[in-house]
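Chain and residue survey
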Amino acid sequence: MNIVPASLQDVLAFRERRAHTQSQLLRQYGNPLVSLTMNIAGPYKNTPLVTFAFHSAIRQILARLGQPLTCRQACSSAGVEAIFVYNMQAEQLKIQTVQIEESSEVGRLFDIDVLCPDGSKLSRPRPRTCLICQAPAALCARSRAHTLEELEQTTLQILKTHAAQELSRLAVDALLQEVHLTPKPGLVDEQDNGAHTDMDLLLMEKSAVCLSPYFSRCAQVGMEPPASIPSLQEAGIQAEENMFRLTQGVNTHKGAIYTMGLLCAGAGSSLSKGGDILFHAADMARQLAGKARNTHGYLVSKQYGAGGIRGEAQDGFPHVRSALNCLRRGGSPLQALLLLMEQLEDTNLLYRGGPDGLRFVQQRAAQIRGNSPQEILPMLNMLNQQCIERNLSPGGSADLLAAALFLHSLEPPSL
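Read on for an overview of the structure. Because the structure is a prediction, the values reported are computed rather than measured.

We now examine unusual backbone geometry. For residues besides glycine, phi is generally negative; the peptide bonds are generally trans as well. Note that the residue after Thr182, namely Pro183, is joined by a cis bond; omega there is 0 degrees. By the secondary structure assignment, Pro183 is in the loop between helix H5 (148-180) and helix H6 (201-210). A positive phi angle, near 50 degrees, is found at Arg144, a position not held by glycine. As for its placement among the helices and strands, Arg144 is situated in the loop between helix H4 (137-143) and H5. You will see that Phe317, though not glycine, has its phi angle at about 55 degrees, which is positive.

Spelled out as structure tokens, the structure:
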């Protein structure tokens, strides 16, 4: 990862270009502007962790204010910025943006200005507080109350904590999105419990939510200088114990604990060191190889020669990449699921139905996927009944769909 420090000249030039863009947008639209930058101490103002927090700020702005009339974004070694044009009262925009800045610890790193149509900038109703001592930030800055190193370390810790919490939230959201996707053949959804007699939608929801601390821990491990494989394994064992305690012994998310845990660790490593998330996750999977011997997936993989979820992970998640590309091209989650069901040697299906069960689901998924979205739904309902009758559940495909949904949620917000 090549992170370039910003010189004073770089910072001043970046500010000058921002002022020029603001003036241009004010002349063109005659509406208030929301200008987002990041308060980052030190010379390294554009890192993966900074960009991750910056995208989080953009999502919060869009969630509160809606889509802007237009937006301009820029990035350089001097930082990142986004300038939005809104057809709203400037005073209302300021109320909302101050709430974003004050609603979380990472919000203290957001610098969100609101410019009136005449170019004047609205003041905050309350002065910012220092990152370290909670005194007025301007006072600490003038008196040099804290060293640059102290400010840099505090900023880095805020960014890492935010990243771990946000990755965990997005991982849980992906699991919930997967379980609520309806109709899914042989799987728990809003319509029925599929081929499962020991779990339902409510149990799956509770199970997903209880994994939040585990996903956060995995992300933290990934951000460590060398990711600790023993720590990752220990966290996974604890997560399984918590899951089984909550579900009274029902295996709701054992596959997801492995897959999503690796991806959260891979995402943490990517944010800390740069590089591809799946590359980092695959490297950790290879280091974990040989640690599990008592799962249905392992036994079935050994019996039929299928790679299983561990083979998928060690190979760099090729089927997850395929499903992610489907989502990127505008495909629906159901279409991505069908793609996985068609291509994956799902060890859940092999365990429940042997090679015949696997081939049946793969062939039916291929037949269904080629149809229009309107035709897919009744076909999926029919396949669901057939899977229930044959006791077939493509649980491996469901886990990989959640993984693809998680990765898709990490991509920059669209404007």
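Before going further, it helps to examine the nonpolar core. Taken as a class, soluble globular proteins show a tendency for nonpolar side chains to be buried jointly. Grouped together as the largest cluster of nonpolar side chains are 105 residues, with contacts concentrated most on Phe84, Leu262 and Phe406. With sequence-adjacent residues up to four places away left out, Leu262 is seen in contact with Leu232, Ala281, Met284, Ala285, Leu288, Ala313 and Phe317. Within the second largest apolar cluster, 7 residues are counted, among which are Val179, Val188, Leu203 and Met204.

The buried count for strand S1 (residues 33-38) comes to 6 of 6 residues, which makes it a mostly enclosed element. Here S1 shows two buried faces, one formed by Leu33, Ser35 and Thr37 and the other by Val34, Leu36 and Met38. Inspection of the sheet shows S1 paired to strand S4 (residues 110-115) by 6 bridges, in the antiparallel sense. Across the sheet, residue Leu33 finds its bridge partner in S4, namely Leu115.

A word on the side chain of Glu312. Looking at where Glu312 falls in the secondary structure, it is placed in helix H12 (residues 308-314). This buried residue, Glu312, is left without a salt bridge; Arg321 holds the nearest opposite charge, at 8.0 Å.

Taken as a whole and judged by the stated rule, the model has 16 salt bridges. Arg321 is paired through a salt bridge with Asp276; the nearest N and O atoms lie 2.7 Å apart. Taken together, the residues span a long stretch of sequence, with Arg321 in helix H13 (residues 318-328) and Asp276 in the loop between helix H9 (254-273) and helix H10 (277-288) at a distance of 45 residues. We classify Arg321 as partly exposed; its relative accessible area is 35%. Among the residues examined, Asp276 registers a relative accessible area of 35% and is labelled partly exposed. Note that Glu342 is salt-bridged to Arg369, the shortest N-O span being 2.8 Å. With Glu342 in helix H14 (residues 333-343) and Arg369 in helix H15 (residues 347-369), the pair connects residues that are 27 residues apart, well separated along the chain. Arg369 sits in the partly exposed class, given a relative accessible area of 34%. Each of Glu101, Glu102, Arg124, Arg126 and Arg128 takes part in salt bridges that share partners, so that together they form one network.

Another point: the sheet that holds S1. Strands sit in the order S2-S3-S1-S4 across an open sheet of 4 strands; the sheet is antiparallel. The open sheet has two free edges, formed respectively by strand S2 (70-76) and S4, since each of these has just one partner strand. Neighbour-to-neighbour, the strand axes of the sheet open up by a mean angle of 15 degrees, direction not taken into account. Relative to strand S3 (residues 79-85), S1 runs antiparallel, the two sharing 4 bridges. Pairing of Leu36 across the sheet is with Ala82, part of S3. Sitting on the sheet, helix H1 (residues 8-29) touches S1, S2, S3 and S4, and the angle it makes with S3 is about 10 degrees.

Reading the values: the criteria
Residues numbered from 1 in each chain as written. Predicted model: local features only at pLDDT ≥ 70, side-chain atom pairs only at ≥ 80, totals over all residues. Heavy atoms only, no water. Helix = DSSP H or I, 4+ residues; strand = E, 2+ residues; numbered from the N terminus. Core = buried A, V, L, I, M, F, W, Y, C linked by side-chain atoms within 4.5 Å. Buried < 20%, exposed > 50% of the residue type's maximum accessible area, 1.4 Å probe, protein only. Contact = heavy atoms within 4.5 Å. Pairing = 2+ DSSP bridges. Lys, Arg positive; Asp, Glu negative; His and termini not counted. Salt bridge = Lys/Arg side-chain N within 4 Å of Asp/Glu carboxyl O. Axes fitted to C-alpha atoms, helices over the stretch in contact; angles between N-to-C directions.

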